[in-house]
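A structural walkthrough
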Amino acid sequence: MKIAVLGAGAIGGFLGARLARAGVDVVLIARGPHLNAMKDSGLRVIEAGGDWTVHVEATDDFAAMRDADAVFVTLKAHSLAPVAERMAANLGDETAVVGAQNGIPWWYFQRHGGDLEGIHLETVDPGGAIARAIDPRRVIGCIVYPATSLVSPGVVRHTEGERFSLGELDGSQSPRCVDLSHALVSAGLKAPVQPQIRSELWLKLLGNAVFNPLSALTRATLGDMAQSPLVAEVVRAAMQEVDAVARSLGIEISVSIDQRIKGAARVGDHKTSMLQDLEAGRPMEIDALTGSVVELGDRLGIPVPHLRTLYSSVKLLQSTSIR
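The paragraphs below set out a description of the structure included in this document. (Residues numbered from 1 in each chain as written. Predicted model: local features only at pLDDT ≥ 70, side-chain atom pairs only at ≥ 80, totals over all residues. Heavy atoms only, no water.)

Structural notes on the packing of helix 7 (residues 197-218) against helix 11 (residues 273-280)
Remark: helix 7 packs on helix 11, axes separated minimally by 7 Å, with the N-to-C direction vectors making an angle of 35 degrees. Every pair of crossing elements has a handedness; the one defined by helix 7 and helix 11 is right-handed. For the pair helix 7 and helix 11, the contacting residues are Asn 212, Pro 213, Ser 215 and Ala 216 in the first and Ser 273, Met 274, Leu 275 and Leu 278 in the second. Along the lines of polarity and charge, the residues of the contact of helix 7 with helix 11 split into five nonpolar, three polar and no charged. (Axes fitted to C-alpha atoms, helices over the stretch in contact; angles between N-to-C directions. Helix = DSSP H or I, 4+ residues; strand = E, 2+ residues; numbered from the N terminus. Left-handed = near helix turned anticlockwise from the far one by under 90°. Contact = heavy atoms within 4.5 Å. Nonpolar A, V, L, I, M, F, W, Y, C, P; charged D, E, K, R; others polar.)

Quick look at a negative patch on the surface
A cluster of acidic side chains, namely Asp 25, Glu 57, Asp 69 and Asp 179, defines a negative patch on the protein surface. Tracing the sequence through the fold places Glu 57 in strand 5 (residues 57-59). In this structure Glu 57 comes out as partly exposed when scored by relative accessible area, which is 43%. (Patch = residues over 30% accessible without salt bridge, like charges linked within 9 Å, V, L, I, M, F, W, Y side chains within 5 Å. Areas by Shrake-Rupley, 256 points an atom, 1.4 Å probe, with all protein chains shown as cover. Salt bridge = Lys/Arg side-chain N within 4 Å of Asp/Glu carboxyl O. Lys, Arg positive; Asp, Glu negative; His and termini not counted. Charge placed at Lys NZ, Arg CZ, Asp CG, Glu CD. Buried < 20%, exposed > 50% of the residue type's maximum accessible area, 1.4 Å probe, protein only.)

A short note on the environment of Lys 190
Residue position: Lys 190 is located in the loop between helix 6 (175-186) and helix 7. On the accessibility criterion, Lys 190 (54% relative accessible area) is exposed. Among residues more than four places away in sequence, those in contact with Lys 190 are Glu 162, Arg 163 and Phe 164.

Some thoughts on the state of the cysteines
Applying the stated rule across the entire model yields zero disulfides. Between Cys 142, a cysteine without a disulfide, and Cys 177, which holds the nearest cysteine sulfur, the sulfur-to-sulfur distance is 9.4 Å. Assessed through its relative accessible area of 0%, Cys 177 is described here as buried. (Disulfide = S-S within 2.5 Å.)

Here's the deal with the nonpolar core
Within the largest apolar cluster, 77 residues are counted, with the highest numbers of intra-cluster contacts made by Met 65, Trp 106, Trp 202, Phe 211 and Val 293. Examining the composition of this core, we find that eleven residues originate from one element, helix 7, more than from any other. Residues contacting Val 293, with those up to four places away along its chain left out, are Ile 104, Trp 202, Leu 205, Ala 209, Val 242, Val 245 and Leu 307. Of all hydrophobic cores here, the second largest spans 38 residues; its members include Val 54, Cys 177, Leu 180 and Ala 187. (Core = buried A, V, L, I, M, F, W, Y, C linked by side-chain atoms within 4.5 Å.)

Section: the sheet that holds strand 5
Hydrogen bonds between backbone atoms are what pair the strands of a sheet, whose relative direction is either parallel or antiparallel. A sheet is described by the order of its strands in space; here seven strands give the open sequence 5-2-1-6-7-8-11, paired in mixed fashion. Looking at the sheet topology across the chains shown, the edges are occupied by strand 5 and strand 11 (164-168). On average, adjacent strands in this sheet sit at an angle of 25 degrees to one another, irrespective of strand direction. Pairing of strand 2 (residues 25-29) with strand 5, which is carried by three bridges, proceeds in the parallel orientation. Across the sheet, the residue bridging to Ile 29 is Thr 59, located in strand 5. Packing of helix 2 (residues 32-41) onto the sheet brings it into contact with strand 2 and strand 5, and relative to strand 5 it is tilted by some 150 degrees. (Pairing = 2+ DSSP bridges.)

A short note on the packing of aromatic side chains
Taken as a whole and judged by the stated rule, the model has two aromatic pairs. Each ring, one from Tyr 108 and one from Trp 202, has its centre 6.5 Å from the other, and the planes form 90 degrees; the classification is edge-to-face. Taken together, the residues span a long stretch of sequence, with Tyr 108 in the loop between strand 7 (96-99) and helix 5 (129-133) and Trp 202 in helix 7 at a distance of 94 residues. Residues Tyr 108 and Trp 202 agree in their burial class; the two are buried. (Phe/Tyr/Trp six-rings, centres within 6.5 Å; stacked < 30°, edge-to-face > 60°.)

Digging into the side chain of Lys 204
Along the chain, the position of Lys 204 falls in helix 7. In this structure Lys 204 is buried but unpaired, with Glu 285 as the nearest side chain of opposite charge at 8.2 Å.

Overview of the pairing of strand 1 (residues 2-6)
Within strand 1, five of the five residues are buried, which leaves the element mostly enclosed by the surrounding structure. Both faces of strand 1 are covered, namely the face carrying Lys 2, Ala 4 and Leu 6 and the face carrying Ile 3 and Val 5. Looking at chain direction, strand 1 and strand 2 are connected through five bridges and run parallel. The partner of Ile 3 across the bridge, within strand 2, is Val 26. Following the backbone out of strand 1, through helix 1 (residues 10-21) and into the adjacent parallel strand 2, one traces a crossover that is right-handed. (Right-handed = clockwise from strand over helix to strand, strands pointing away.)

Description of the pattern of salt bridges
Tallied over the full model, the rule gives 18 salt bridges. Between Asp 277 and Arg 282 there is a salt bridge, with its nearest N and O atoms 2.8 Å apart. The buried category is assigned to Asp 277, whose relative accessible area is 1%. Here the residues in one salt-bridge network are Lys 76, Asp 277, Arg 282 and Glu 285, joined through shared partners.

Laid out in structure tokens, this is it:
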């Protein structure tokens with residue numbers, strides 16, 4: 001199996017490095033100083049068990065994915081629409097597209113069934129451009145759990161987590177999903193094939209939609225937010241709104257809000273991806289992580305005042321921070 005990783009930054013770099021170390025045929029697609037560092041010195045991963053470096057094919061040429069069996073798309077959600085057509089033009093006939101973004105992904109209502117089949121969310125896929133470019137039959141859903149950060153070009157820190165849940169959008173147990181799972185497991189990762197990938201998505205989103213924007217506004221780590229009595233009421237109320245939107249879609253999140261907060265506390269001194277982006281001067285995934293839930297709440301008639309406050313506040317923060 002050959003696997004391409006499009007957007008091989010912190011998460012994609014960690015995934016690609018683990019696969020390459022296990023002997024899987026991997027190509028990493030990236031750009032800028034990070035790409036140059038990987039080409040010159042390899043990709044270094046810092047983990048609790050020690051540091052290690054792999055030398056793996058790295059390029060900015062999308063044509064490198066043409067003979068891949070699967071392409072993991074680990075670009076930030078807002079970065080996909082501008083390159084979706086270009087990506088689609090470079091896929092092989094049987095190449096699977098593994099959507100591994102945070103938030104509610106562009107594929108959520110594809111092969112979904114029900115009244116909302118085929119809709120797109122403007123906060124995630126403006127004008128439906130991604131959905132038009134990428135055939136839904138190619139898509140495999142992926143929920144990403146590792147906490148990682150890009151320390152410097154060519155250097156990824158892995159804090160915790162090794163799970164990449166996979167699932168066909170129609171819930172089937174396909175050979176391609178099983179093969180992909182085996183490849184990830186061979187790299188020491190956890191890669192269960194889930195029959196209800198959307199349900200697991202909401203489990204992660206319950207925390208991400210709240211903790212990410214709050215971290216950007218407060219500069220607090222996950223542990224700080226989860227253990228602070230000052231914001232406990234806000235965190236709980238916003239999570240209740242996420243849960244209400246999920247329930248309106250027929251999703252029962254498998255853990256309680258208390259359990260989700262305790263899970264964040266266990267991660268401890270880790271900066272969310274949104275806070276990392278803010279500090280690095282990069283655009284934040286505000287729309288996919290929080291705006292998408294607000295948009296869905298509005299569409300479904302579910303009040304989301306706390307989420308709306310977090311969303312609008314961090315949108316304003318971004319607009320003022322890039323002046």
